[in-house]
Amino acid sequence: MEFKTATNRRLSNAASTGLYGTGVGGAGGGASRLSLYQVAPCVEVSIEEFEQFALDRLRVLKAIEENRARGRRLEEVEAVVNDLWRKHMRTPNAADAHNKDMISHFVLRLVYCRTEELRRWFLGMETTLFRQRFRSETPESQRRFMEECKLPYKAINTTEFEAVKDKLGQVARSLNQPLPTGMVPFEEVPELVASRRVFLQRGNAFVPRDQLVAIVSNHFRARLSKALVLTNRKWTATIAEEEKDRLTPIVEALSTRYLGPDYSQLKSKTTIGLQDLDSLAQRSFPLCMRHLYTKVKEDHHLRHGGRQQLGLFLKGAGLKLEDALAFWRAEFSQKMGVEKFDKEYSYNVRHNYGREGKRTDYTPYSCMKIIMATPGVGDHHGCPFRHFSQENLHAVIGGLRLNAHTVDDIMGKVRNHHYQLACAATFEGVHGCQCDGINHPNQYFEQSQKVLNPQLKSGGDDLDLSLQGMPVVPNS
Amino acid sequence: MGQQQQQEGPVPMEEDVKMETTAEDSRHLQHGFSPDYLKLYYGRLFPFAEMYKWLSYGNDGKHPGCDPSFIARREFSFTLEHDIYLRYLSFHDASEMEATIRAKCPHKIDIGAVYNVEPAKRTAYSGAGSDRVFSPVERELVFDIDMTDYDDIRNCCSGADICLKCWPLMTIAIKVVDTALRDDFGFEHILWVYSGRRGVHCWVCDARARRLTNEQRTSITDYFRLYKGNENTAKKVSLVAASLHPSLLRAYTDVCRPFFEDTILLNQSLLTPEGNYERVLDLVPDDAVKTNMRDRWQENRRSSAAREDVNASRWRQLKQTLESKQKGQALRRCVEEIVFSYTYPRLDMEVSKHMNHLLKAPFCVHPKTGRVCVPIDPQKCETFDPTTVPTLSQLLNELNENEAKHSSINNGSKTRDLEKTSLGRAVHFFQTSFLDPLLQASKAEVAAAYQEKLHESASRPTLNW
């Protein structure tokens, strides 16, 4: 997408491919309102609208994120998304709605193309939004949309159907789904393959009509992912410099205003020392980190996933590289000797602190990432609320000396798959105070420290953690 | 040969657990493996030509559509003596590859992805202004199955040790994964390799497989993932759906159930003594059944079925109890859950998920065992015996003996050294059942792509005249 300067206050695009040169759509009444956002609109936009539209869309995306973090079910999110879309993306004139959709999307592409983290966030939220919107289209307009996008979907004829009828039935019955009507290459439906929700034969996936949404949103995701990388290149190569007096400040402000605290930087001047680790682990570590900490103390070893999850958390909490090396060496060397540790594991520790290899300062894992982990045999990383069995979790929670009511509350949340809420409830039980939600183990740690040492003020310009996940933009 | 770089990035190698390299390994070293033997092996036996042909995928310069830079963009990685890693090596041609391997004599050779630029020159492209970010473009779909991941169900050995009692677990894994890769995903060019010690590797080399994205790779590994959790989870296999997915049903009836009942149950003595059967009963969600079984088994009445193995008779009892009565769907699934818990393949997920993950090359020699990573025929994998896989010292002995025998007869006919040893059979199998069909398909693809390109450029108007 290109925004070229025409006048001081107007934006326009010189290359003209038509106002609605987007895959599908157009303002024509009744036509699909959806778009794959393949071509940027070439319309004039005022700076005010440029920013306002983007903010409106951000409010929708941000709300989607919150809903997902609470572990709401798809249908619930769907209802919320539709309401939000109507509320924020409404335009006085119905014909402008499509324009606002396009403009806000492309502005946010600029905003969220600039780092891997931002891209991943935007990709996730936009795909969810798209999926919900596609779902609420009529079957007729869904079909038209698929045709226009040229998706590799093939209807199955009767002979093909008869040959595999039994097997299709097995899948359909176990999922309570209608029988498939068409097939696509398995590459098109990774989600369905991963959860064995399709029958596969010689590379083809047999999909029922209502699974089309997975295919379409997958396409959407893939295209957007590529486009974001391209936009990023263009941004760093030209746009950022050309627009440094006009759009760049807006674009940069838009993303920072909305991001939670970045735990890769030690903003607070607080550091934690080696000698405090034991007591901090007892009092302020979230359950996932307590578990890893206990395990490394017991076994004097952790496998890769555990080392990463705990190591980056400790870094984020303020453990200096020298102390981190001392900590891991002290534990691991008990099992393998100092020399082996220095040879095989110290590189990894330094790498996490950005002192080796690509020299990237790695970010501590967020709850979402930890919850999505897949710990295997011998692994201890992951989220205890998600990955432990009821019995084991109960035993661990029992060790925290919480009252029976709190324990029931936590276990109830776990049963309903609200892992982060369960973690927040644990926080409340342990600290005896209110907690607005846990999105990050380091957030748990910092909040705990704040409660336990109220005199310890972490840096004045620090973002107020309670605002994380809330729009910080003044509502104009 | 490009510049040598220390390992970059925390790419976990396939063996994350390196804890058990202690005194017992140094004993093996005496007879199975030594750096001097290895030099001879690379000098006279390692099948360079076959490996190079494989990794060129038909880009041998004989067709105008060949991509001459293809193999030069492939990452190799060496592990030298004293665990020195060299990553991002790349070679322009067969002779450079052969010469470098002979000179460096790596204890382990890993094969990585094909990148957009030569890995050895990657730093030239890493500048901020460059729009060609060094990134993988193609990679075989690979699987790593490791016996250590089965530790919670093995009663015979643990960790890096394997024996003929637990090896059938690998046989099951090969059968289940191989069938699904062919029948479900439509892949054809699949190579299974013994990893040299405690597991197997799988290379899926179809063009379609090589071009999968990381997300698609992850979805395939998840498709094979039945076993979840670790010591903190009670039940590792949970079948919740009303009926088994066709792929699981096929695995169950064709492989898992027969192997469980005929082999694993007895080999691993799953239902005797008490410690073993308690672990099986842990998977039963019904307390009445558990108590019932315990009562019957604790009395230890062996006489009732003297001729039958006690494990088999107890399994029959448990199965009947679970399948009978009005116990409902949940308990009926329980038989399948137990069988799958003890048999269904457990993949090392991380190896398969990402294009840039390294995997040890076939025909390497495992430094701890001295055994060569030979291909396994999935059609006959039940006859594969890891304890008879040729070792480095054995191969060199065979070579010596053969030459002693034939030193008098100097008829000038050149037999490859390889053919004088038992490695010859392994390479022959690699060539005929994997490499030949693969190259035929690859060459057809190269030609087809070239035709299409010609067609395209012909239909496009040119400005030249």
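Cut-offs applied
- Residues numbered from 1 in each chain as written.
- Chains lettered and ligands numbered in written order.
- Predicted model: local features only at pLDDT ≥ 70, side-chain atom pairs only at ≥ 80, totals over all residues.
- Heavy atoms only, no water.
- Helix = DSSP H or I, 4+ residues; strand = E, 2+ residues; numbered from the N terminus.
- Contact = heavy atoms within 4.5 Å.
- Buried < 20%, exposed > 50% of the residue type's maximum accessible area, 1.4 Å probe, protein only.
- Areas by Shrake-Rupley, 256 points an atom, 1.4 Å probe, with all protein chains shown as cover.
- Expected span 1.5 Å × (residues − 1).
- Pairing = 2+ DSSP bridges.
- Core = buried A, V, L, I, M, F, W, Y, C linked by side-chain atoms within 4.5 Å.
- Buried area = accessible area lost by both parts, 1.4 Å probe.
- Salt bridge = Lys/Arg side-chain N within 4 Å of Asp/Glu carboxyl O.
- Polar contact = N/O pair within 3.5 Å; in protein donor to acceptor, adjacent residues only side chain to side chain.
- Axes fitted to C-alpha atoms, helices over the stretch in contact; angles between N-to-C directions.
- Parallel < 35°, antiparallel > 145°, perpendicular 65-115°, else oblique.
- Left-handed = near helix turned anticlockwise from the far one by under 90°.
- Phe/Tyr/Trp six-rings, centres within 6.5 Å; stacked < 30°, edge-to-face > 60°.
- Lys NZ or Arg CZ within 6 Å of the ring centre and 35° of its normal.
- Nonpolar A, V, L, I, M, F, W, Y, C, P; charged D, E, K, R; others polar.
- pLDDT = per-residue confidence, 0-100.

Let us look at the overall build of chain B. Along its length, chain B carries 15 helices and nine strands. Within chain B, residue pairs in contact and separated by at least 24 positions form 72% of the contacts whose partners lie at least 6 positions apart.

In terms of helices and strands, chain A carries 22 helices and seven strands. By the burial criterion, 54% of the 476 residues in chain A qualify as buried. Long-range contacts, defined as pairs at least 24 residues apart, comprise 69% of the intrachain contacts of chain A with a sequence gap of at least 6. Here chain A has roughly 22,100 Å² of accessible surface; of this, 51% comes from carbon and sulfur atoms.

So, about helix H13 (residues 304-317) of chain A. All names here are of chain A. With 14 residues, H13 extends 20 Å from end C-alpha to end C-alpha; this agrees with the ideal 20 Å at 1.5 Å per step. Where burial is concerned, most of H13 is hidden: 14 out of the 14 residues are buried. The first or second residue beyond H13 is Gly318, which carries a positive phi of 115 degrees.

All names here are of chain A. Here we have four strands laid out as an open sheet, ordered S4-S5-S7-S6, and antiparallel in their pairing. With partners counted over all chains shown, the strands left at the sheet margins are strand S4 (154-155) and strand S6 (199-201), one partner each. With four bridges joining them, strand S5 (residues 182-185) and strand S7 (residues 204-207) adopt antiparallel strand pairing. Bridge assignment links Val184 to a residue of S7, and that residue is Ala205.

Now for the nonpolar core. Inside soluble globular proteins, nonpolar side chains tend to come together where they are buried. If you look at the biggest cluster of nonpolar residues, it comprises 191 residues, and the most contacted ones within it are B:Tyr41, B:Trp54, B:Leu181, B:Phe187, B:Leu318, B:Ile338 and B:Leu423. Beyond its immediate stretch of four places on either side in the chain, B:Leu318 contacts B:Val280, B:Leu281, B:Val284, B:Val289, B:Met293, B:Trp297 and B:Ile338. A:Val296, A:Met336, A:Phe341 and A:Cys367 belong to the second-largest nonpolar core, a separate cluster that totals 54 residues.

The interface of chain B with chain A comprises 51 residues on the first partner and 51 residues on the second. Buried surface at the junction of chain B and chain A, summed over both partners, amounts to about 4,100 Å²; 52% is from carbon and sulfur atoms. Here chain B and chain A share two salt bridges between them. The salt bridge partner of A:Arg202 is B:Asp183, with a shortest N-O separation of 3.7 Å. At the junction of chain B with chain A, the criterion picks out eleven residue pairs in polar contact (both at pLDDT 80 or more).

Bringing the sheet that holds strand S6 (residues 190-194) of chain B into the picture now. All names here are of chain B. Read across the sheet, four strands follow the order S5-S7-S6-S9 without closing on themselves; strand pairing throughout is antiparallel. Unpaired on one side and paired on the other, strand S5 (141-146) and strand S9 (375-376) mark the two borders of the sheet. As paired strands, S6 and S9 are joined by two bridges and run antiparallel to one another. By the bridge assignment, Trp192 is partnered in S9 with Ile376. Contacting S5, S6, strand S7 (199-204) and S9, helix H5 (residues 168-183) runs over the sheet at an angle of about 165 degrees to S6.

All names here are of chain B. All chains considered together, the criterion is met by 50 salt bridges over all chains. Between Glu382 and Lys175 there is a salt bridge, with its nearest N and O atoms 3.1 Å apart. Of the two residues, Glu382 is situated in the loop between S9 and helix H14 (392-406) and Lys175 in helix H5; the sequence distance between them amounts to 207 residues. The class of Glu382 is partly exposed, set by a relative accessible area of 44%.

Residue and element names in this part refer to chain B. Contact geometry of helix H10 (residues 287-298) with helix H11 (residues 310-323) gives a least axis separation of 11 Å together with a crossing angle of 155 degrees. In this view, H10 runs roughly antiparallel relative to H11, as classed from their interaxial angle. Crossing hand, H10 versus H11: right-handed. Residue-level contacts link Val289, Asn292, Met293, Arg296 and Trp297 of H10 to Arg314, Gln317, Leu318, Thr321 and Leu322 of H11.

As a further point, take the packing of aromatic side chains. For the structure on display, the rule yields 50 aromatic pairs over all chains. Centroid distance A:Tyr112 to A:Phe122: 5.6 Å. Interplanar angle 10 degrees. Geometry classified as stacked. Of this pair, A:Tyr112 sits in helix H3 (residues 97-112) while A:Phe122 sits in helix H4 (residues 116-135); the two residues are ten residues apart in sequence, bridging distant segments of the chain. By the burial criterion, A:Tyr112 is buried, and A:Phe122 matches it. Measuring from centroid to centroid gives 5.6 Å for B:Trp167 and B:Tyr194, while their planes differ by 80 degrees, and the two rings are edge-to-face. Taken as a pair, B:Trp167 in the loop between S5 and H5 and B:Tyr194 in strand S6 lie far apart in primary sequence, 27 residues in all. Considered together, B:Trp167 and B:Tyr194 belong to a single accessibility category, that of buried residues. Site record: aromatic cluster; members linked through ring pairs are A:Phe285, A:Tyr293, A:Phe313, A:Phe327, A:Trp328, A:Phe332, A:Phe341, A:Tyr345 and A:Phe445. One residue, A:Lys315, lies across the ring of A:Tyr353, its end atom 5.6 Å from the ring centre. Here the basic side chain of B:Arg87 rests over the ring of B:Tyr88, its NZ or CZ set 4.5 Å away from the ring centre.

Moving on: the packing of H13(A) against helix H22 (residues 441-452) of chain A. Residues and elements named next belong to chain A. Across the interface, H13 lies against H22 with an axial gap of 10 Å and an inter-helix angle of 40 degrees. Between H13 and H22, the crossing angle belongs to the class labelled oblique. Crossing angle aside, the handedness with which H13 passes H22 is right-handed. Seen from H13, the contacting residues are Phe313, Gly316 and Ala317; seen from H22, they are Pro441, Asn442 and Phe445. Residue composition of the contact of H13 with H22, by class: four nonpolar, two polar and no charged.

With that settled, consider the environment of A:Ser174. Residues and elements named next belong to chain A. Within the secondary structure, Ser174 sits in helix H7 (residues 165-175). Counting along the chain gives 23 residues from Ser174 to Arg197, while the straight-line C-alpha distance between them is 9.0 Å. Reaching out from Ser174, the side chain makes a polar contact with the backbone oxygen of Val171 at a distance of 3.0 Å.

Here we come to the side chain of A:His431. Take A:His431: it is sitting in helix H21 (residues 419-431). Look past the residues within four positions of A:His431 in its chain and what remains in contact with it is A:Arg283, A:Tyr444, A:Ser448, A:Val451 and A:Leu452.

Here we take up helix H20 (residues 404-415) of chain A. Residues and elements named next belong to chain A. End to end, H20 covers 16 Å across twelve residues, agreeing with the expected 16 Å (1.5 Å per residue, within 8%). Looking at H20, one finds that the buried residues are Thr406, Val407, Ile410, Met411, Gly412 and Val414. Here the buried face of H20 lies against helix H18 (384-387), helix H19 (390-398) and H21. Directly after H20, the chain includes His417, whose backbone phi takes a positive value near 65 degrees.

Residue and element names in this part refer to chain A. Pairing between S6 and S7: three bridges, direction antiparallel. When the bridges of S7 are listed, Phe199 appears paired with Phe206. The antiparallel pairing of S6 with S7 creates a hairpin that spans two residues between the two strands, and Arg202 there sits at a positive phi of about 45 degrees.

This next bit is on the side chain of A:Arg307. As for its placement among the helices and strands, A:Arg307 is situated in helix H13. A distance of 2.9 Å separates a polar atom in the side chain of A:Arg307 from the backbone oxygen of A:Leu302.

Another point: the pairing of strand S3 (residues 108-115) of chain B. The two faces of the sheet receive side chains in turn, since in a regular strand these alternate between them. Residue and element names in this part refer to chain B. When you tally the buried positions in S3, you get eight out of eight residues, the bulk of the element. Pairing of strand S1 (residues 74-80) with S3 involves five bridges; the strand directions are antiparallel. Counted as the bridge partner of Thr79 is Lys108 from S3. Two strands pair when backbone bridges link them, and S3 and strand S8 (residues 359-360) are joined in this way by two bridges, in the antiparallel orientation. Bridge assignment links Ile111 to a residue of S8, and that residue is Leu359. Here S3 pairs with strand S4 (residues 136-138) via two bridges, running antiparallel. Its bridge partner lying in S4, Tyr115 is registered against Pro136.

All names here are of chain A. Confidence in the prediction of chain A, expressed as mean pLDDT, is 79, and 84% of residues score 70 or more. The secondary-structure element of chain A with the lowest mean pLDDT is strand S2 (residues 10-12), recorded at 37, while S6 shows the highest, at 95. Across residues 258-262 the pLDDT falls below 50, and counting only partners more than four positions away or on other chains, this stretch makes 17 contacts in the model. pLDDT under 50 marks residues 458-476. Its contacts with residues more than four places away, or in other chains, come to 33 contacts.

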